[in-house]
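Tertiary structure, described
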Amino acid sequence: MSHEEVPGIFFLRWLTSHVESHKHASSVSFSYRCYKMRFPCRLTTLHTTSSRRTSTAPAGMFVPDCGSIDKRCLQLLQDFVSQATRLFVISGAGLSTESGIPDYRSEGVGLYARTDRRPMQHVEFVRSAKSRQRYWARNFLGWPQFSSHHPNDAHRVLQHWEERGKLYWLVTQNVDALHSKARQKRLTELHGCAHRVVCLGCGSISAREELQRRFIELNPDWRAQHGAVAPDGDVFLEDELALHFRVPSCAVCGGILKPEVTFFGDTVNKDTVQFVHNKLAESDAVLVLGSSLQVYSGYRFLLAAKDRKIPVAIVNIGPTRADHLAQLKLSGRCAEVLSIIQPL
């Protein structure tokens, strides 16, 4: 990729004069590609408070530690966003942790780091009535808290970018509906949405809130002590406590009800994938926010961006699967970073 393909991001003579800075440790790193060569560079962190804004997250409970943000790297991200005319954004769980929703993989605070519990697998849910009973009992208990989360500054900034014509399309891997709550319109929920329920028999879609009312009607006296809410809305619950929980069937056909989300082990709808590929092809820059891209369903679009020579920038705390594909990588909280960037 030539430097003309990423205009205004990082000129060669600037890089040459600063290449020695890679020797200094920092919380922010980026790379620039020029004439088929890659120059990794580590910038010295500027410890300032002027660029920080208070997040709407409850004391950063599920947000990993990260260092201060380098103002020079913020300027590079500003240049990246300013140059884009049809910006394609991929958001992940790191965007929602600042609203108080835990993720799976964050170091020290993610579900995998805190427990040995693993999420529901698609095959298990479909094949086992007992597994569905346990899942829905946990989900029933977690729903009031999970459904009450609100968008944070990052969600609101992206909706503002859409209004300004900067954001061309947003693909989220999250199922929490926070982008929809922020009134995002140009949006694809890649893995579905936990606020919807689908019948595996007739395919009818209904509101998760309506299912909650049906749960209450069927289980008026059911109570259970439970633990914390997991990333997708269910809670930690001992299996035997779910033995007497009653699960309703589809009101239309009597079929099995499932959250309208892509469980682990399942695949994203092919039409949805193709639709997102089409939107990517119409874009001129890709910005990844709060995703490690460990799951192929999202990572595939970074590979497609590489094939199309579309420049990529990543904002995420910790490494991602696509770091080697990015022209710019910045470590920081999404709400904090996006609140500084202007959609010029």
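Read on for an overview of the structure.

Quick notes on the rules
Residues numbered from 1 in each chain as written. Predicted model: local features only at pLDDT ≥ 70, side-chain atom pairs only at ≥ 80, totals over all residues. Heavy atoms only, no water. Helix = DSSP H or I, 4+ residues; strand = E, 2+ residues; numbered from the N terminus. Buried < 20%, exposed > 50% of the residue type's maximum accessible area, 1.4 Å probe, protein only. Contact = heavy atoms within 4.5 Å. Areas by Shrake-Rupley, 256 points an atom, 1.4 Å probe, with all protein chains shown as cover. Pairing = 2+ DSSP bridges. Axes fitted to C-alpha atoms, helices over the stretch in contact; angles between N-to-C directions.

A few points about the overall build of the chain
Along the chain, the regular secondary structure elements total 12 helices and 11 strands. Per-residue burial over the chain gives 53% buried out of 344 residues. A separation of at least 24 residues holds for 70% of the contacts in the chain among residues at least 6 apart in sequence. Carbon together with sulfur atoms contributes 51% to the accessible area of the chain, which is approximately 15900 Å² in total.

Quick look at the pairing of strand E6 (residues 192-199)
Taking burial as the measure, the eight residues of E6 include seven buried ones, the bulk of the element. Across three bridges, the pairing between E6 and strand E7 (residues 205-207) is antiparallel. Looking at the pairing, Arg 196 lines up with Ala 207 of E7. Hairpin remark: E6 followed by E7, antiparallel, with five residues in the connecting loop; positive phi at Gly 203, about 80°.

As for the sheet that holds strand E10 (residues 312-315)
Taken in spatial order, the six strands make up an open sheet running E5-E4-E3-E9-E10-E11, and their pairing is parallel. Where the open sheet ends on each side, the last strands, each with one partner, are strand E5 (187-189) and strand E11 (328-330). In this sheet, neighbouring strand axes are inclined to one another by 15° on average, regardless of whether the strands run parallel or antiparallel. In this sheet, E11 lies alongside E10 in parallel orientation, the contact comprising three bridges. If you follow Ala 313 over to E11, its bridge partner there is Leu 328. Strands in contact with helix H2 (residues 71-83) are strand E3 (87-91), strand E9 (285-289), E10 and E11; relative to E11, the strand with the most contacts, it is inclined by about 130°. Along the sheet, helix H7 (residues 153-163) makes contact with E3, strand E4 (167-172) and E9, crossing E4 at roughly 145°.

Side note on the sheet that holds strand E8 (residues 257-261)
If you walk across this open sheet you meet the three strands as E7-E6-E8, and the pairing is antiparallel. In the strand order of this sheet, the two ends are held by E7 and E8, each with one partner. Within this sheet the neighbouring strands show an average axis-to-axis angle of 45°, counted without direction.

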